[in-house]
Amino acid sequence: MRGRHDRVLTLAAATMLAAAPIAGSGFGDASAQTSSVLARYDFEAAPAFRWKLPRALDEISGLATDSSGRLFAHDDERAIIYELDPAARRIVKRFAFGRPAVRGDFEGIAVVDDRVFLTTSDGVVYAGREGRDGESVSFASHATGIGRRCEVEGLSWDEGAQSLRFACKVPRAEGLRGQLAVFEWSPVGIRPSDAPSISIPLAPIVQRVGHSAVYPSELLRDPSTGHLLLLAARARAIIEITAAGAVVDVARLRAGLHRQAEGLAFGRDGTLLVSDEADGARATLTGYRPVR
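Criteria and thresholds
Residues numbered from 1 in each chain as written. Predicted model: local features only at pLDDT ≥ 70, side-chain atom pairs only at ≥ 80, totals over all residues. Heavy atoms only, no water. Helix = DSSP H or I, 4+ residues; strand = E, 2+ residues; numbered from the N terminus. Buried < 20%, exposed > 50% of the residue type's maximum accessible area, 1.4 Å probe, protein only. Contact = heavy atoms within 4.5 Å. Areas by Shrake-Rupley, 256 points an atom, 1.4 Å probe, with all protein chains shown as cover. Pairing = 2+ DSSP bridges. 1 Å grid on protein atoms, 1.4 Å probe; cavity = no way out; pocket = protein on both sides within 12 Å on 5 of 7 lines; lining within 4 Å. Points joined across faces, edges and corners; volume = space filled by probe spheres on them. Phe/Tyr/Trp six-rings, centres within 6.5 Å; stacked < 30°, edge-to-face > 60°. Axes fitted to C-alpha atoms, helices over the stretch in contact; angles between N-to-C directions. Salt bridge = Lys/Arg side-chain N within 4 Å of Asp/Glu carboxyl O.

Let's shift gears to the overall build of the protein chain. On a plain count of helices and strands, the protein chain comes out with one helix and 22 strands. Out of the 292 residues belonging to the protein chain, those deemed buried represent 57%. Of the contacts formed within the protein chain by residues at least 6 apart in sequence, a portion of 56% connects residues at least 24 apart. Here the protein chain has roughly 12100 Å² of accessible surface; of this, 47% comes from carbon and sulfur atoms.

Below you can see the structure in the form of structure tokens.
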């Protein structure tokens, strides 16, 4: 696929950050007795804002913010990246990886300095620089190896570990069935990732959520605590876990507001942003401001 494009960016090779699997026992872990990120928000109250997105964003999938708080989103089927301004309710710009834009099942985005990362459901990572409005940029693609173990949906950047984290939506390996798993992969090491860095029994989470279909659709890391928030679209739930694999909290989203929640990000002021695909109606961006 890369041969059809002008040139390919090369990522520097280095040693991959090792990450041994961490198994949490679920609710009640001593390590889970810590402040909850989700407790900052009241998901039963009216959201701070709700933006019906332009039709171009009907297939909006993942969300990510850069270090300055700018918000980015991506299309589900093509490598088109959008910068959004929720306050002004407008698309600031859009750019693409390749000309025409690369096609794929894109399921997550992370923005690190001036670099943008997209992952497909098979764990193939596309990396390129941030483009100007209307620009097509060069990119590199890497098979992380995660796709052999899981169908991926959700991507986040871990600044401390200098690595990308991937949410496992549907296990493909027998050993991961019945587990909530998170994988880690270094964009500088570019070695395949064979085992999850976090693996948690799913049964107590299903019981707490009250819905059997707990399939992650997004992954977000809270920089202040290091906790991971996993969004589950079908269950309309957010599961909060520690980096050590302990479940901290669970929150439910209102069915009337969230038809198909696919994206999660923090705004500049701590607002939790949730994007929903159109799913036969209009795609939306909903903001929940912290109340605690």
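Residue position: Glu 130 is located in the loop between β9 (124-129) and β10 (136-137). As a C-alpha pair, Glu 130 and Val 116 span 14 residues in sequence and 6.1 Å in three-dimensional space. Setting aside residues no more than four positions away along its own chain, Glu 130 makes contact with Arg 70, Phe 72, Glu 83, Lys 93, Phe 95, Asp 114 and Val 116.

The next thing to look at is unusual backbone geometry. The amide bond that connects Arg 99 to the next residue, Pro 100, takes the cis arrangement and shows omega of -5°. Topologically, Pro 100 is positioned in the loop between β6 (90-97) and β7 (106-112). In this model, Gln 162 sits at a positive phi of 55°, which is unusual for a non-glycine residue. With phi around 50°, Asp 279 is a residue other than glycine that occupies positive phi space. Relative to the elements of secondary structure, Asp 279 occurs in the loop between β21 (272-276) and β22 (284-288).

This brings us to the sheet that holds strand β3 (residues 60-65). Pairing in this open sheet of five strands is mixed, and the strands run β3-β4-β5-β6-β10 from one edge to the other. Strand pairing shows two members of the sheet lacking a second neighbour, β3 and β10, which therefore form its edges. Inspection of the sheet shows β6 paired to β10 by two bridges, in the parallel sense. Its bridge partner lying in β10, Phe 97 is registered against Val 137.

All right, on to the layout of surface pockets then. The computed volume of the largest pocket comes to approximately 800 Å³. In this structure, the largest pocket is lined by 37 residues; those nearest its centre are Thr 65, Asp 66, Val 111, Trp 157 and Glu 159. Those elements that place two or more of their residues in the lining of the largest pocket are β3, β7, β8 (115-120), β12 (150-158), β16 (216-221) and β20 (261-266). Take the lining of the largest pocket: its biggest share by element is four residues, from β7. Taken as a whole, the second largest pocket encloses approximately 310 Å³ of empty space. Lining the second largest pocket are 17 residues, and of these Asp 85, Pro 86, Ala 87, Gly 267 and Arg 268 sit closest to its centre.

Let's shift gears to the packing of aromatic side chains. Scanning all chains against the criterion turns up six aromatic pairs. Pairing Phe 117 with Trp 157 gives two aromatic rings, centres 6.5 Å apart and planes at 0°, and the pair type is stacked. Of the two residues, Phe 117 is situated in strand β8 and Trp 157 in strand β12; the sequence distance between them amounts to 40 residues. In terms of burial, Phe 117 and Trp 157 fall into one category: buried. Residues Tyr 126 and Phe 139 carry aromatic rings whose centres are separated by 5.6 Å and whose planes lie at 45° to one another, so their mutual orientation is tilted. In this pair, Tyr 126 sits in strand β9 while Phe 139 sits in the loop between β10 and β11 (140-143), placing the two residues 13 residues apart along the sequence. When sorted by exposure, Tyr 126 lands in the same class as Phe 139, which is buried. Site record: aromatic cluster; members linked through ring pairs are Phe 97, Phe 106, Tyr 126 and Phe 139.

A few words now on the sheet that holds β21. Strand order across the open sheet formed by four strands is β2-β22-β21-β20, with antiparallel pairing between neighbours. The open sheet terminates on both sides in strands that have one partner only, identified here as β2 (49-52) and β20. Neighbour-to-neighbour, the strand axes of this sheet turn through a mean angle of 15°, independent of strand direction. Summarising the sheet, β20 and β21 pair through five bridges and their orientation is antiparallel. Residue pairing for β21: Ala 265 is matched across the bridge by Leu 273.

Enumeration over the complete set of coordinates arrives at 18 salt bridges. Between Glu 135 and Arg 129 there is a salt bridge, with its nearest N and O atoms 2.5 Å apart. Close ionic contact of Arg 165 with Glu 184 constitutes a salt bridge, the shortest N to O distance being 4.0 Å. Of this pair, Arg 165 sits in strand β13 (residues 163-171) while Glu 184 sits in strand β14 (residues 179-185), and the two are 19 residues apart along the sequence.

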